[in-house]
Amino acid sequence: MQKVLGDFIHALRQAGLPISSAETLDGLRAAQLVGIDNAPLLKQSLGMTLAKCLENRLIFDQIFDQYFNSHSQFNTGDRATSETDANQAATARLSEPFSEAVNSLESPLAQQLINGDMAGMQVMIASAAGASGAQEVTFMTQVPMVSYRVMQALGDGALQQELAAMAEREESSAILSILQQRRARLQQQVRDYLEQQYLVLNQNEPNKRREGNLQKISLTSIDQRNYKLMGELVRQAAKRLASMHSRRRRITRRGLLDVRRTITANAAYDGFLFHTKWKSTRIERPKVMVLCDVSGSVSKVARFLLLFLYSLQDVLPNVRSFVFSSYMAEVTKLFEEQDMEQGLAEVLHNWGNKPTNYGKALSDFETMALADIDNRTTVIMLGDARNNNEDGNIALWEEIYRRSQRVLWLNPEGQVNWDSGDSIMSKYAAYCSHVETCNSLRDLNRILGSVLKHEA
Amino acid sequence: MIIRNQDKINSPDTIKQQFEALGYICSDAIATSVYLACHLQKPILVEGPPGVGKTELAKKTSDLLSAPLIRMQCYEGLDEAKALYEWKYGKQLLYTQLLKDQLGDVMRGAKGLDESVSRLHQFGDIFYSDEFLEPRPLLEALRTEDGAVLLIDEIDKADQEFEAFLLELLSDYQISIPELGTVKAQSKPLVFLTSNNTRELSDALKRRCLHLYIPFPSKAIEQKIITAQVPELNDKLKHQLVEFISELRDMSLKKVPAVSETIDWARALLLLNVDNLDHEWVKTTLNLLLKFQDDIEAVEPEIHNLLKVATKGS
């Protein structure tokens, strides 16, 4: 049972469930407690010990069904045998005249094949497969090689020698043909088993590799088909950031005196108050305003910037979102009301792919939100500062910088391209706390992680 | 606690029946989780939408095991002085004042500072002893002799620091008090943690718990729940009610009605002597089911259609 559960947990980990060894032990104990006869009960028990959120539970359920269906053939050996009963009878009839020949079969595999013990055979395949490294099959193309190894482990070498010898002797051709036929079937079984194992254990491996690559790849060069996966990754990243940093409490050295705690702390000094304790613990929640450029020049990355904007607003309590190309609009409400796909589509439709005018956009921002910026606000600008040679309204940007706690400019273009053509990055950069190139999900993670950490 | 009630919890089915006898109708998953928690002695983390009976589960389990229920409501800023223990500082101060006078007697005849100090040492550290300890819910749960059911309600409302502080309790059933040392559980309590998912709980916490997600109940179970809670209601109305609620849950509302709202509604209809669900009654009692004006406005024009589906079977 340990082996079966161990493999099952391996399969779960491949599917992305974070299962620790302590949880593995819990799972084993639960399985011992409820027994393995009652499948629904086992499924619930294992689900509770191994999957710790609803999302993981759904994956768990799916893999449980897959995995234990492929294994159930071991448990239901009876059915397998009854199917072969007919075969066995045929063998019996056939082999009577050749009973001597049957008895004289030397290699153990040949005897087993003649006996036709299917259930026993399956168990042997499983253990031989375990021994010859079926778990390590990571590519489909490795299956033939491993299946050869499994056949060898089952004793195929001796069998083949014997078959060759029998073929030379030419006396037991009936048995020979039966044996050859069964050997072929065995080979097929081994291959089937290995392929099934490969599918259960590895179907998520390519996905994992792709996710790893997507983290690094530059936002401009992601093709359409990866959009969906990317969206999921962005969401995860935003959630992680938010749960790490959204609540940070700071114990202040001022405010109301906490009499209880002060007296408790000073009881040792005969009630003289040496150490003061204060009541108020201020809860710091970052107030964030994000301005996102969705104009033509950044059209390729705009979607991802928006995606991140949307996710951030979803998980952080105090985010106000603005988008602009030549004029600016607040989309906080829109993001709140619409789901992700719809919201993004609407924003891109209404404001996307138009020529940029930073000056105009910033003056819109002035009327909408400048008054709300205080010394606890972080302003994040996502844009390339390509202003089509218009007036950039730098003075206003300076005003924003002066009022806020921190101003961050994330530019999707590499640093070499800044100030080339119509980009006026360096003018804005003078009034930013950080200016960074943000060209991949990893950049985004790193930058915002450090920003939010310094918040407290 | 576990051994005493062995016969009540010897299989998930038994637990389910016992719960039913107590008026708590539950799914197999819930019964299995309680069974595992009792036998593996692990805490259960219960998640699910508000109003599906997360807190009720802990209450009924305490009834089932006839163990005291110790409840701790979490909130932002909860700290160990409120959750675990505090020193009775008033008593401490009073005693220092009283003992000051005694001190002269104790010290009488002592020669030199060394001897006085060594005499003082003989008394031990009385001020930081059990006598002066004010137990809070967590400590109380550990000190209950025959085991208790500890309900840590809405753990997601507490701060992350507090969550970390719970880890020792949840995995080893012990807590450390710096002045006293480690306090081990006399008899391991059965711990329920509930969460409404307002924030992600840490992996360390999740790892130590069994995870139970309670979804909205199926129609059959919900009917049984109403039968158990409002037995006077007639079958036809009960059927209509459950169908109507289940239709509502399929709509995209800000807050869909949960089981507790269904029960409230059933009670209200009983009180109003309604025996058939019709447009007028639904409209007047809708505010029992829906808690947002936006939702009520969204549902009102749909009542007719919803009713048509709900009353189809009857």
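One can find the structure itself at the top, above this paragraph.
Computed from a prediction, not measured in an experiment: that's the story for all the values here.

(A) Local environment of the overall build of chain B. Counting secondary structure elements, chain B contains 15 helices and nine strands. A burial count over chain B gives 34% of its 314 residues as buried. Of the contacts formed within chain B by residues at least 6 apart in sequence, a portion of 78% connects residues at least 24 apart.

(B) Expanded view of the overall build of chain A. A tally of regular secondary structure across chain A gives 21 helices and eight strands. Counting across all 456 residues of chain A, residues that qualify as buried make up 32%. Considering only intrachain contacts with a sequence separation of at least 6, the fraction spanning at least 24 residues in chain A is 73%.

(C) Molecular detail of the interface of chain A and chain B. With 29 residues of chain A in contact, the opposing surface of chain B contributes 27 residues. Within the residue set of the side of chain A that touches chain B, elements represented by two or more residues are α2 (21-34), α3 (39-50), α4 (54-75), α13 (227-245), α14 (259-266) and β2 (281-284) of chain A. When residues in the side of chain A that touches chain B are grouped by element, the largest group, six residues, is from α2 of chain A. Of the residues that constitute the side of chain A that touches chain B, the class distribution is eleven nonpolar, eight polar and ten charged.

(D) Fine view of the sheet that holds strand β1 (residues 44-47) of chain B. Residue and element names in this part refer to chain B. Ordered by their spatial adjacency, five strands build an open sheet running β2-β5-β8-β1-β9, and the pairing between neighbours is parallel. Looking at the sheet topology across the chains shown, the edges are occupied by β2 (69-73) and β9 (210-213). With direction set aside, neighbouring strand axes in the sheet form an average angle of 20°. As defined by bridge partners, β1 adjoins β9 across four bridges and the pair is classed as parallel. Looking across to β9, one finds that Ile 44 is bridged to Leu 210.

(E) Region of the structure containing unusual backbone geometry. Residues and elements named next belong to chain A. The phi torsion at Ala 385 lies on the positive side, around 60°, for a residue other than glycine. Tracing the sequence through the fold places Ala 385 in the loop between β6 (377-382) and α19 (394-403). You can call Ala 385 buried: it has 24 C-beta atoms within 10 Å. Positive phi is not limited to glycine here, since Asn 393 has a value of about 55°. Tracing the chain through its elements places Asn 393 in the loop between β6 and α19. Its 20 C-beta neighbours within 10 Å are what place Asn 393 among the buried residues.

(F) Spotlight on the sheet that holds strand β5 (residues 328-330) of chain A. All names here are of chain A. In spatial order, the strands read β5-β4-β3-β6-β7-β8; together these six strands make up an open sheet with mixed pairing. For this open sheet the edge positions go to β5 and β8 (434-437), each flanked by a neighbour on one side alone. Averaged over all pairs of adjacent strands, the angle between strand axes in this sheet comes to 20°, irrespective of strand direction. As paired elements, strand β3 (residues 287-293) and β6 share six bridges and run parallel to each other.

(G) How the structure looks around the pairing of β6 of chain A. Residues and elements named next belong to chain A. The buried fraction of β6 amounts to six of the six residues, a majority that puts the element mostly inside the structure. Burial along β6 is two-sided: Thr 377, Val 379 and Met 381 facing one way and Thr 378, Ile 380 and Leu 382 facing the other are all buried. Relative to strand β7 (residues 406-411), β6 is paired through five bridges, and the arrangement is parallel. Across the sheet, residue Val 379 finds its bridge partner in β7, namely Val 407. In this fold, the crossover linking β6 to β7 by way of α19 has right-handed handedness.

(H) Looking closely at the packing of helix α10 (residues 219-229) of chain B against helix α11 (residues 235-250) of chain B. Residue and element names in this part refer to chain B. Orientation of α10 relative to α11, taken along the N-to-C sense of each, is 130°, at an axis distance of 10 Å. By the criterion of interaxial angle, the relationship of α10 to α11 is oblique. α11 is crossed by α10, and the crossing has right-handed handedness. Listed contacts from α11 to Lys 219, Glu 222, Gln 223, Ile 226 and Thr 227 of α10 are Lys 238, His 239, Val 242 and Ser 246. When grouped by side-chain class, the residues that make up the contact of α10 with α11 number two nonpolar, four polar and three charged.

(I) Summary view of α3 of chain A. Here α3 of chain A spans 16 Å end to end across twelve residues, near enough to the 16 Å set by a 1.5 Å rise per residue. If you check which residues of α3 of chain A are buried, you get Leu 41, Gln 44, Ser 45, Leu 46, Gly 47, Met 48, Thr 49 and Leu 50 of chain A.

(J) Expanded view of α10 of chain B. Residues and elements named next belong to chain B. Of all the residues in α10, the buried ones are Glu 222, Ile 225 and Ile 226. Around the axis of α10, the buried residues are gathered within 95° of arc, so they sit on the same side. Buried residues belonging to α10 abut α11 and α12 (259-271).

What counts, and where the lines are drawn
- Residues numbered from 1 in each chain as written.
- Chains lettered and ligands numbered in written order.
- Predicted model: local features only at pLDDT ≥ 70, side-chain atom pairs only at ≥ 80, totals over all residues.
- Helix = DSSP H or I, 4+ residues; strand = E, 2+ residues; numbered from the N terminus.
- Buried ≥ 20, exposed ≤ 12 C-beta atoms within 10 Å, placed from the backbone.
- Contact = placed C-beta atoms within 7 Å.
- Nonpolar A, V, L, I, M, F, W, Y, C, P; charged D, E, K, R; others polar.
- Pairing = 2+ DSSP bridges.
- Axes fitted to C-alpha atoms, helices over the stretch in contact; angles between N-to-C directions.
- Right-handed = clockwise from strand over helix to strand, strands pointing away.
- Parallel < 35°, antiparallel > 145°, perpendicular 65-115°, else oblique.
- Left-handed = near helix turned anticlockwise from the far one by under 90°.
- Expected span 1.5 Å × (residues − 1).
- Arc of directions from axis to C-beta.

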